[in-house]
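# Chains, contacts and geometry: an overview
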Amino acid sequence: MRDRQSVTETHPIDPAVRRILERAEIEGIELVRFLYADHGGVIRGKAVSRSRLAERLHSGIGHTVAMMAMNMLDQLQEVEHLGPVGEVRLVPAPSTFVTLPYSPGAATMLSDLRRLDGSPWDACPRTFLKDAVAELAGEGYALVAAFEPEFTLGHRESGPDGFDRLRPLDDSLCFAGIGFDTAHDYALRLAHDLETQGLRVEHYHPELGPGQQELSVRHAPALRAADNHVLYRETVRGVALRMSMWASLAPKPLADQPGNGAHLHLSLWDREQRRNLFAGEPDLMAHFVGGLLAHLPALTALTCGSVNSFRRLGPRMWSSGYAVHGPDNREAAVRICSPLGESGEPNLELKPSDSSANPYLSLGAVIHAGLDGLRRRLDPGEPVLVDPDTRPGAYPRLPAGLDEALDALEADELLMEALGPLRRSAYLAVKRSEAAAFGAQDVAFELYHHMRAF
Ligand code: GLU
Ligand code: MG
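Predicted, not measured: the structure shown is a model, and the values here were computed from it.

## Observations concerning the site of ligand 1
- E150, E207, E214, G259, G261, H263, R312, M317, W318, S319 and K351 make up every residue found near ligand 1.
- In this structure, an oxygen atom belonging to ligand 1 sits 3.3 Å away from a side-chain N or O atom of E207.
- The separation between a nitrogen atom of ligand 1 and a polar main-chain atom of G259 is 3.0 Å.
- For ligand 1, the protein covers 91% of the area, taking 300 Å² as the surface of the free molecule.

Structure, rendered in structure tokens:
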């Protein structure tokens, strides 16, 4: 009590913090999770008890710098400045406080990683996105985005090779009526729990392949969209667990079945987000697409962040295999979407994107690539109006594996510069280590680790 008094005396509580404390009290919250996404794409965090919440909202929770050198197998990589010596603080953003219907008594806040003096840390992914948003705002624009995630719902069981695997919930056909029934209780609960956390649910359907679900949420300004995707990933898995099931957003949890994308829907607005500038300014959209395509091989190292991602990408799977764009072309990496209804917003869909990516790095890199297209007035080339796979050799392919994508990233001066020295050396070390670790093992090992982590 003495501690709390001294904190509140020296730092007058701002209204947002006061509201959080009141809600935590009224809703009986015992633990508040401060979450972040790491370089392996994994969502991690620490929780504070309600009695220490007031202080920790201000001071953050202490965390080792080394966690940003951890890969998705929980193997620590050697990265300069990210060793056993050194601390950062997990400092939550007050506007992101949500209580978790699927974990009663718990709440979540999305957090920045900050230096001990409170200044932004150069390996913080959320800061990377904030900086990209600020750079875009400097040019007069705001990016509005939504992840369109797919996932596989089922049960976890032990496999013949000693690794757990995902047994899908059903064998329903794509968009099939019976699929709505098999996943009905889960889908209702997921929609409810997302709405409760302030995500606006748009559409839901059972999709192609056993147990595959797709539930889309309303677009939001870039930082909020990335925060939303973290909450979404947590909720998909938390609700399943609560119902004694297992859900995985891994890009390819079942090697011989369709993959799970998290296509990124993007539109450019004025800085105040009053007007979608893609409506009525075709040049703007064209240059933005030009930027995405110019950086696409490198971008995939961040938007499709795992070894498993590249099992999903490929022709004839609607996940995109070619670095081309086209109107409503579902085999193109960039689909120009036809707006829905009279109030529909013109937007782009980046298909090489999945939920194993760190959403802050992914969206931040997309902003840098698009902005480069705007600044250099890049030409995206002719739209592709056919399935690109029917014209062998005519169009550039996407990277075939994580190492190839990382090679492209290392060769991309703009993105390497944007990431900065600490973040890029950590990201490359973590991702190269994953490519090596999975390269040395069989597919059951890969599927197990990805369905566990994502
Ligand atoms: N499952 C596909 C993918 O891996 C996408 C299918 C769709 O267009 O919704 O991206
Ligand atoms: Mg889909």
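What follows continues from the structure just given.
## So, the coordination of the magnesium ion (ligand 2)
- Coordination sphere of the magnesium ion (ligand 2), protein contribution only: E150 (OE), E207 (OE), E207 (OE) and E214 (OE), at 1.9 to 2.7 Å.
- Motif for the magnesium ion (ligand 2), donor spacing along one chain: E-x56-E-x6-E. Here E207 and E214 have matching classes, each one buried.

## A word on the pairing of strand β2 (residues 43-49)
- The pairing of strand β1 (residues 31-37) with β2 spans 7 bridges and is antiparallel. Its bridge partner lying in β2, L31 is registered against S49.
- What sits between β1 and β2 in their antiparallel hairpin is a turn of 5 residues, with G41 showing a positive phi close to 85 degrees.

## A few points about the environment of A294
- Looking at the element boundaries, A294 is found in helix α8 (residues 282-294).
- With 75 residues separating them along the chain, A294 and A369 place their C-alpha atoms 7.7 Å apart.

## Considering the side chain of D270
- The topology assignment puts D270 in strand β13 (residues 262-270).
- Within the buried core, D270 has no salt-bridge partner, and the shortest N-O distance to an opposite charge, that of R274, equals 4.2 Å.
- Polar contacts involving the side chain of D270 include one to the main-chain amide nitrogen of R275, which spans 2.7 Å.

## Some remarks on the nonpolar core
- Y186, L266, F288, L363 and L409 are the most contacted members of the largest nonpolar core, which totals 93 residues.
- When neighbours within four sequence positions are excluded, L266 is seen to be in contact with L143, V144, A145, F278, F288, L292, N347, L348, L350, L363 and V366.
- Within the second largest apolar cluster, 31 residues are counted, among which are I20, F34, L53 and A69.

## Topic: the pattern of salt bridges
- Summed over the entire model, instances satisfying the criterion amount to 31 salt bridges.
- R311 is the salt-bridge partner of E446, the closest N and O atoms lying 2.8 Å from each other. Remark: R311 occurs in helix α10 (residues 309-312) and E446 occurs in helix α15 (residues 443-453); sequence separation between them is 135 residues.
- According to the relative accessible area criterion, R311 is partly exposed, its value standing at 32%.
- Residues joined by salt bridges that share partners form a network here, namely D112, R114, R126, K130 and D227.

## Things to note about the environment of A240
- Relative to the helices and strands, A240 is located in helix α7 (residues 222-242).
- When residues no more than four places from it in sequence are discounted, the contact partners of A240 are L153, Y186, M245, W246 and A247.

## Some thoughts on α7
- Between the first and last C-alpha of α7 there are 30 Å, a value that for 21 residues agrees with the 30 Å anticipated at 1.5 Å per step.
- In terms of residue burial, α7 counts as a mostly covered element, since 16 of its 21 residues are buried.
- S244, located one to two residues past α7, shows a positive phi value of around 60 degrees.

## Points about the side chain of N71
- Structurally, the position occupied by N71 is in the loop between β3 (61-64) and β4 (87-92).
- A polar side-chain atom of N71 sits 3.0 Å from a polar atom in the side chain of S433.
- Sequence-distant contacts of N71, that is, excluding residues within four places in its chain, are made with R44, Q77, V430, S433 and E434.

## Observations regarding the state of the cysteines
- This model, assessed by the stated rule, comprises 0 disulfides.
- No disulfide involves C174; its sulfur sits 17 Å from the nearest other cysteine sulfur, which is in C337.
- For C174, a relative accessible area of 31% gives the class partly exposed.
- In this model C337 remains outside any disulfide bridge; the closest cysteine sulfur is found in C304, 16 Å from its own.
- Of the residues examined, C337 reaches a relative accessible area of 8% and is grouped as buried.

## Side note on the packing of helix α4 (residues 125-138) against α7
- It is at 9 Å that the axes of α4 and α7 come closest, and there the two elements cross at 155 degrees. In terms of orientation, α4 and α7 fall into the roughly antiparallel class. Residues R126, L129, K130 and V133 of α4 pack against A222, L223, A226 and D227 of α7.
- Its residues placed into classes, the contact of α4 with α7 shows 5 nonpolar, no polar and 3 charged.

## Details of the packing of aromatic side chains
- Scanning the entire structure with this criterion turns up 6 aromatic pairs.
- The interplanar angle of 80 degrees and the centroid separation of 5.5 Å between the aromatic rings of F163 and F445 together place this pair among those described as edge-to-face. One end of the pair, F163, is in the loop between β7 (141-158) and β8 (164-168); the other, F445, is in helix α15, and 282 residues separate them in sequence.
- Overall, the relative accessible area of 22% leaves F163 in the partly exposed class.
- Pairing F438 with F445 gives two aromatic rings, centres 5.6 Å apart and planes at 55 degrees, and the pair type is tilted. Across this residue pair, the class does not change: F438 and F445 are buried.
- Counting every residue linked through ring pairs, the aromatic cluster contains F163, F438, F445 and Y448.
- Above the plane of the ring of Y322 lies R397, whose end atom (NZ or CZ) is 5.0 Å from the centre.

Cut-offs used in this document
Residues numbered from 1 in each chain as written. Chains lettered and ligands numbered in written order. Predicted model: local features only at pLDDT ≥ 70, side-chain atom pairs only at ≥ 80, totals over all residues. Heavy atoms only, no water. Near = heavy atom within 4 Å. Polar contact = N/O pair within 3.5 Å; in protein donor to acceptor, adjacent residues only side chain to side chain. Areas by Shrake-Rupley, 256 points an atom, 1.4 Å probe, with all protein chains shown as cover. Donors = N, O, S within 2.8 Å, 3.2 Å for Na, K, Ca; no water. Buried < 20%, exposed > 50% of the residue type's maximum accessible area, 1.4 Å probe, protein only. Pairing = 2+ DSSP bridges. Helix = DSSP H or I, 4+ residues; strand = E, 2+ residues; numbered from the N terminus. Lys, Arg positive; Asp, Glu negative; His and termini not counted. Salt bridge = Lys/Arg side-chain N within 4 Å of Asp/Glu carboxyl O. Core = buried A, V, L, I, M, F, W, Y, C linked by side-chain atoms within 4.5 Å. Contact = heavy atoms within 4.5 Å. Expected span 1.5 Å × (residues − 1). Disulfide = S-S within 2.5 Å. Axes fitted to C-alpha atoms, helices over the stretch in contact; angles between N-to-C directions. Parallel < 35°, antiparallel > 145°, perpendicular 65-115°, else oblique. Nonpolar A, V, L, I, M, F, W, Y, C, P; charged D, E, K, R; others polar. Phe/Tyr/Trp six-rings, centres within 6.5 Å; stacked < 30°, edge-to-face > 60°. Lys NZ or Arg CZ within 6 Å of the ring centre and 35° of its normal.

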